[in-house]
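# Tertiary structure, described
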Amino acid sequence: VKLQQPRFFLLLFFSSVYSDITDGNAEHLKREHSLIKPYQGVGTSPSSQWDFWGSTLVTSQYVRLTPDERSKQGSIWNTVPCYLKDWEMHVQFKIHGSGKKNLHGDGFAIWYTKERLHPGPVFGNHDHFVGLAIFVDTFRNDLQGMDRSFPYISAMVNNGSLPYDHGKDGRSTELGGCSVEIRNRDHDTYLAIRYSKGRLTIMVDVDDRNDWKECIDIGGVRLPTGYYFGASAATGDLSDNHDIISMKMYQLMVEHTPEEDNQDWTKIEPSVSLLKSPKDNIDDPTGNFRSTPLTGWKVFLLLLCALLGIVVCAVVGAVVFQKRQERNKRFY
């Protein structure tokens with residue numbers, strides 16, 4: 001069983017990696033997977049690194065997936081498959097529109113999936129996808145799920161067998177999430193997606209303080225290489241402008257064991273090791289389902305509790321036995 005490092009050292013590790021990839025170091029920025037102004041390489045030519053569909057409009061300042069109009073869908077996809085084992089994607093975005101509180105929708109999604117440019121009902125992409133999705137949902141569909149506020153960011157890993165339940169806002173299949181105020185902000189808003197050593201971490205920076213806040217952190221995630229990055233958005237009866245300003249991909253410099261290096265990462269099936277099925281999350285009132293596999297510390301605590309239980313039972317049994325012996329002596 002793999003031991004989980006103390007949180008302090010985990011934060012130190014993340015800080016060291018994060019400092020490497022946010023100083024404009026061209027060595028770690030992977031331009032073939034990055035969407036940056038003035039968006040050169042976007043189009044339908046054979047040499048294009050990004051392709052778009054639907055209502056998507058590419059300008060010199062932003063990529064607008066949907067305008068603030070009803071019933072629109074748009075997406076933009078990297079044409080180059082990603083073979084990095086450890087990576088971090090920074091997304092600068094802006095969601096804005098004329099709709100007042102609770103009168104806007106529906107949201108956008110960031111994808112790392114096996115297939116690309118497949119329109120559908122899940123924020124402009126097809127259902128039963130294979131890979132990873134990060135949903136930025138701006139409209140509440142489940143009126144009974146009042147324990148969380150919207151906009152709401154969540155993550156989902158799928159091997160193609162699970163549907164996304166719009167009626168329940170994806171609660172039954174989400175791995176975790178957080179509520180964030182991101183609409184009509186006067187400053188830049190950012191989302192960071194980190195995948196390293198089987199751990200998925202989602203961070204947000206929406207207060208213009210250059211301060212990342214953790215939204216989701218879950219271990220036991222298995223994602224293959226060779227999938228495609230993309231972004232999509234959709235509007236329904238309500239609408240918003242969904243703008244992507246940039247998508248910057250950074251390679252994380254992480255050492256792997258010889259066994260991991262020799263493995264064919266393109267054959268890995270997307271999955272998450274959980275203590276219970278993701279569908280059980282529908283009964284989790286917190287909306288923050290972050291159960292991970294049994295780590296070394298959890299096994300140790302379980303064994304310690306079992307040992308203490310045995311000791312308590314033995315002591316109680318000894319006391320009861322002694323009392324009976326004394327009672328029997330008085331009887332005779």
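See the structure printed just above.
One structure accompanies this document, and this report is about it. (Residues numbered from 1 in each chain as written. Predicted model: local features only at pLDDT ≥ 70, side-chain atom pairs only at ≥ 80, totals over all residues. Heavy atoms only, no water.)

### A few points about the pattern of salt bridges
- Scanning all chains against the criterion turns up twelve salt bridges.
- With a shortest N-O distance of 3.5 Å, Arg70 and Asp237 are connected by a salt bridge. Of the two residues, Arg70 sits in the loop between strand 3 (63-66) and strand 4 (73-78) while Asp237 sits in the loop between strand 14 (228-234) and strand 15 (241-251), which places them 167 residues apart along the sequence.
- Owing to a relative accessible area of 55%, Arg70 belongs among the exposed residues under this scheme.
- A salt bridge links Arg199 to Asp217; the nearest nitrogen and oxygen atoms lie 2.8 Å apart. Taken together, the residues span a long stretch of sequence, with Arg199 in strand 11 (residues 199-205) and Asp217 in strand 12 (residues 213-218) at a distance of 18 residues.
- Under the relative-accessibility criterion, Arg199 is labelled buried at 19%. (Salt bridge = Lys/Arg side-chain N within 4 Å of Asp/Glu carboxyl O. Helix = DSSP H or I, 4+ residues; strand = E, 2+ residues; numbered from the N terminus. Buried < 20%, exposed > 50% of the residue type's maximum accessible area, 1.4 Å probe, protein only.)

### Some points on the sheet that holds strand 12
- With antiparallel pairing, seven strands are arranged side by side in an open sheet as 2-3-15-5-10-11-12. At either end of the open sheet lies a strand with only one pairing partner, and these are strand 2 (57-58) and strand 12. (Pairing = 2+ DSSP bridges.)

### Quick look at the sheet that holds strand 14
- Strand order in the open sheet formed by seven strands is 1-4-14-6-7-8-9, and the pairing between neighbours is antiparallel. Sheet topology places strand 1 (50-54) and strand 9 (177-179) at the edges, where each strand pairs with a single neighbour. Direction aside, the axes of adjacent strands within the sheet are offset by 15 degrees on average.
- Where strand 1 and strand 4 come together, five bridges link them in antiparallel fashion. Looking across to strand 4, one finds that Asp51 is bridged to Trp77. (Axes fitted to C-alpha atoms, helices over the stretch in contact; angles between N-to-C directions.)

### A short note on unusual backbone geometry
- Of note, the amide linkage connecting Lys37 to Pro38 takes the cis form, showing an omega dihedral of 0 degrees.
- For the bond from Gly105 to Asp106, the omega torsion is -5 degrees, close enough to zero to count as cis.
- Note that Asp106 resides in the loop between strand 5 (87-96) and strand 6 (107-113).
- Positive phi is not limited to glycine here, since Asp169 has a value of about 55 degrees.
- As for its placement among the helices and strands, Asp169 is situated in the loop between strand 8 (152-159) and strand 9.
- With relative accessibility at 5%, the residue Asp169 sits in the buried group.
- With a phi close to 55 degrees, Asn210 is a non-glycine residue in the positive phi region.
- Inspection of the secondary structure puts Asn210 in the loop between strand 11 and strand 12.

### Some words on the pairing of strand 7 (residues 130-137)
- Burial analysis of strand 7 places seven of its eight residues in the buried class, which makes it a mostly covered element.
- One ladder, built from seven bridges, connects strand 6 with strand 7; its direction is antiparallel. Across the sheet, Trp111 pairs through a bridge with Ala133, a residue of strand 7.
- Where strand 7 lies against strand 8, eight bridges are found, and the strand directions are antiparallel. Bridging across to strand 8, Ala133 finds its partner in Met156.

### Notes on a nonpolar patch on the surface
- A surface patch of nonpolar side chains, amounting to about 340 Å² of accessible area, comprises Leu307, Val311, Val315 and Val319.
- Looking at where Val311 falls in the secondary structure, it is placed in helix 3 (residues 296-331).
- The exposure class of Val311 is partly exposed, given its relative accessible area of 44%. (Patch = residues over 30% accessible without salt bridge, like charges linked within 9 Å, V, L, I, M, F, W, Y side chains within 5 Å. Areas by Shrake-Rupley, 256 points an atom, 1.4 Å probe, with all protein chains shown as cover.)

### Overview of the packing of aromatic side chains
- This structure, assessed with the given rule, holds twelve aromatic pairs.
- Centre to centre, the rings of Trp87 and Tyr112 are 5.6 Å apart; their planes meet at 50 degrees, and the pair counts as tilted. With Trp87 in strand 5 and Tyr112 in strand 6, this pair connects stretches of sequence that are 25 residues apart. Comparing Trp87 with Tyr112, the two get one shared label, buried.
- An angle of 40 degrees between the planes, with centres 6.0 Å apart, marks the rings of Trp87 and Tyr195 as tilted. Of this pair, Trp87 sits in strand 5 while Tyr195 sits in strand 10 (residues 189-196); the two residues are 108 residues apart in sequence, bridging distant segments of the chain. (Phe/Tyr/Trp six-rings, centres within 6.5 Å; stacked < 30°, edge-to-face > 60°.)

### Concerning the environment of His96
- By the secondary structure assignment, His96 is in strand 5.
- Distance in space between the C-alpha atoms of His96 and Asp186 is 9.8 Å, their sequence separation being 90 residues.
- Among the polar contacts listed, one links the side chain of His96 to the side chain of Arg64, at a separation of 3.4 Å. (Polar contact = N/O pair within 3.5 Å; in protein donor to acceptor, adjacent residues only side chain to side chain.)

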